[in-house]
Amino acid sequence: MGYKRLTFPKNAKFLVTGSAGFIGSNLVEAILNLGYQVRGLDNFSTGKKENVEEFLGNPKYEFLEGDIRDFDTCIKVCEGVDFVLHQAAWGSVPRSIEMPLLYEEINIKGTLNMMEASRQTNVKKFVYASSSSVYGDEPNLPKIEGREGNVLSPYALTKKVNEEYGKLYSNLYGLDTYGLRYFNVFGRRQNPDGVYAAVIPKFIKQLINNEQPMINGDGKQSRDFTYIENVIEANLKACKASHEAGGQAYNIAYGGREYLIDLYNIISKALGKEIVPKFGTQRLGDIKHSNADISKAKKFLDYDPEWDFEQGIKYTIDSYKKTIFVHSN
Ligand SMILES: NC(=O)c1ccc[n+]([C@@H]2O[C@H](COP(=O)([O-])OP(=O)(O)OC[C@H]3O[C@@H](n4cnc5c(N)ncnc54)[C@H](O)[C@@H]3O)[C@@H](O)[C@H]2O)c1
């Protein structure tokens with residue numbers, strides 16, 4: 001069962017931080033479609049105005065421009081909210097290696113501000129984005145909660161610290177926190193542009209524009225690519241999870257494994273392109289293989305991902321075909 005038949009109290013109010021970004025804007029859309037009130041917060045540092053404007057006509061939607069580094073802003077946005085879905089952060093492992101100080105400020109201090117504001121305003125559930133990068137150099141597959149290695153980047157460390165605060169806030173203050181360790185999420189509205197863009201939207205856009213994509217490494221690295229609908233399900237189900245399931249982190253993935261070179265060939269085939277990719281050096285801070293054991297989230301969050309990689313990639317390519325053609329016209 002996905003999330004479309006989930007119900008919450010009639011006047012339930014959600015806050016989505018990072019609502020102008022990829023995952024945040026998809027969460028906003030899903031909650032509005034379920035008929036509940038949503039407040040969005042974003043500072044547009046990596047998010048897009050068009051991801052906010054799309055929903056502004058909906059009377060159940062409210063947007064505030066602001067920064068999670070400012071505690072007063074965090075208090076203001078949490079007032080009257082039942083469920084916080086905290087997505088605002090800076091992503092990208094390589095960028096964090098270049099700018100560690102900024103990651104400390106945004107991802108650690110910003111998340112602590114949001115957790116503290118949620119505690120002070122009596123939020124019921126605090127659900128936040130963590131990342132598969134917390135597994136670091138742990139070589140065993142599948143990745144399972146409780147068996148983490150040394151982190152390999154400032155980004156991964158920020159997520160690990162978020163999880164420690166999540167545990168502490170649950171034990172010390174009784175705030176129900178749920179850390180969702182996303183594994184390579186993909187889908188509509190993911191930013192295809194810039195050097196730090198994720199691989200799926202980047203390949204799709206480059207191939208549509210007949211450019212030659214670059215694969216970092218030999219293409220034989222593998223990932224548990226997770227379609228956005230599964231991530232929405234995890235967030236909403238965490239809002240319904242028990243108090244006992246709080247204070248912990250959960251793998252959120254499909255539980256499959258795709259090699260990068262196969263992903264490239266699937267996208268090329270779907271777009272009818274025959275462009276041979278360039279191969280570059282493996283990126284610093286990257287791991288070779290990643291795939292998730294999702295049994296903990298299944299057991300404690302009732303997470304049961306409906307969308308496999310093939311279905312997800314088909315919908316994603318279709319959505320980019322429309323938007324990328326619209327932009328270039
Ligand atoms: N996309 C993935 O595959 C993936 C994987 C693991 C974890 N995550 C995590 O999921 C969350 C969402 O990622 P995404 O892919 O949607 O990224 P995104 O960059 O599309 O969205 C993040 C949003 O947060 C906003 N933001 C950043 N700093 C802010 C600040 N100081 N104050 C207010 N808003 C701020 C940005 O403007 C942006 O709209 C992040 O926490 C990210 O670390 C994503």
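Refer to the structure above for everything that follows.
Let me sum up the structure you'll find in this document. (Residues numbered from 1 in each chain as written. Predicted model: local features only at pLDDT ≥ 70, side-chain atom pairs only at ≥ 80, totals over all residues. Heavy atoms only, no water.)

Among the residues making up helix α3 (residues 71-78), those that are buried are T73, C74, I75, V77 and C78. Just downstream of α3 lies G80, where phi reads positive at about 80 degrees. (Buried < 20%, exposed > 50% of the residue type's maximum accessible area, 1.4 Å probe, protein only. Helix = DSSP H or I, 4+ residues; strand = E, 2+ residues; numbered from the N terminus.)

Right, let's get into the packing of α3 against helix α5 (residues 100-120). In the contact formed by α3 and α5, the axes pass within 9 Å of each other and the chain directions differ by 45 degrees. Judged on the interaxial angle alone, α5 and α3 are oblique. Regarding α3 and α5, the two cross each other, and that crossing is right-handed. Facing α3, whose interface residues are F71, C74, I75 and C78, α5 presents N113, M114, E116, A117, S118 and Q120. In the contact of α3 with α5, the residues fall into 6 nonpolar, 3 polar and 1 charged. (Axes fitted to C-alpha atoms, helices over the stretch in contact; angles between N-to-C directions. Parallel < 35°, antiparallel > 145°, perpendicular 65-115°, else oblique. Left-handed = near helix turned anticlockwise from the far one by under 90°. Contact = heavy atoms within 4.5 Å. Nonpolar A, V, L, I, M, F, W, Y, C, P; charged D, E, K, R; others polar.)

Below, the discussion takes up the pairing of strand β4 (residues 83-86). On β4, burial covers both faces: F83 and L85 on one face and V84 and H86 on the other are all buried. Pairing between β4 and strand β5 (residues 125-131): 4 bridges, direction parallel. Pairing of L85 across the sheet is with V127, part of β5. (Pairing = 2+ DSSP bridges.)

Before going further, it helps to examine the site of the ligand. Near the ligand, the surroundings consist of 29 residues, among which I23, D42, T46, D67 and Y155 are the closest. Within the side chain of D42, a nitrogen or oxygen atom sits 2.6 Å from an oxygen atom of the ligand. Residue K159 places a side-chain N or O atom 2.9 Å away from an oxygen atom belonging to the ligand. Alone, the ligand offers 820 Å² of accessible surface; in the complex the protein occludes 90% of this. Only α1 (22-34), β5 and α6 (154-173) provide two or more residues apiece to the shell around the ligand. Of the residues forming the shell around the ligand, the biggest block, 3 residues, is contributed by β5. Class assignment for the residues of the shell around the ligand results in 13 nonpolar, 12 polar and 4 charged. (Near = heavy atom within 4 Å. Polar contact = N/O pair within 3.5 Å; in protein donor to acceptor, adjacent residues only side chain to side chain. Areas by Shrake-Rupley, 256 points an atom, 1.4 Å probe, with all protein chains shown as cover.)

Using the criterion set out here, one finds 18 aromatic pairs in the structure. Where F14 meets Y36, the ring centres are 6.3 Å apart and the plane angle is 55 degrees; that geometry is what we call tilted. Of the two residues, F14 sits in strand β1 (residues 13-17) while Y36 sits in the loop between α1 and β2 (37-42), which places them 22 residues apart along the sequence. The two residues F14 and Y36 agree in class, both being buried. Considering the side-chain rings of F55 and Y61, the 6.0 Å spacing of their centres and the 85 degrees angle between planes classify their relative orientation as edge-to-face. For the pair F55 and Y61, a shared accessibility class is recorded, and that class is buried. A connected cluster of aromatic rings, assembled from ring pairs, spans F186, F225, Y227, W307, F309 and Y315. Its guanidinium or amino end placed over the ring of F8, K240 lies 4.9 Å from that ring's centre, counting from NZ or CZ. (Phe/Tyr/Trp six-rings, centres within 6.5 Å; stacked < 30°, edge-to-face > 60°. Lys NZ or Arg CZ within 6 Å of the ring centre and 35° of its normal.)

What follows deals with the sheet that holds β2. Here we have 7 strands laid out as an open sheet, ordered β3-β2-β1-β4-β5-β6-β11, and parallel in their pairing. With one partner strand each, in any of the chains shown, β3 (61-65) and β11 (248-252) form the two edges of the open sheet. In this sheet, adjacent strand axes meet at a mean angle of 20 degrees when their direction is disregarded. The pairing of β1 with β4 spans 4 bridges and is classified as parallel. Bridge pairing in β4 links V16 to L85. Of the strands in this sheet, β1, β2, β3, β4 and β6 (176-182) touch α1, which is tilted by about 165 degrees from β1.

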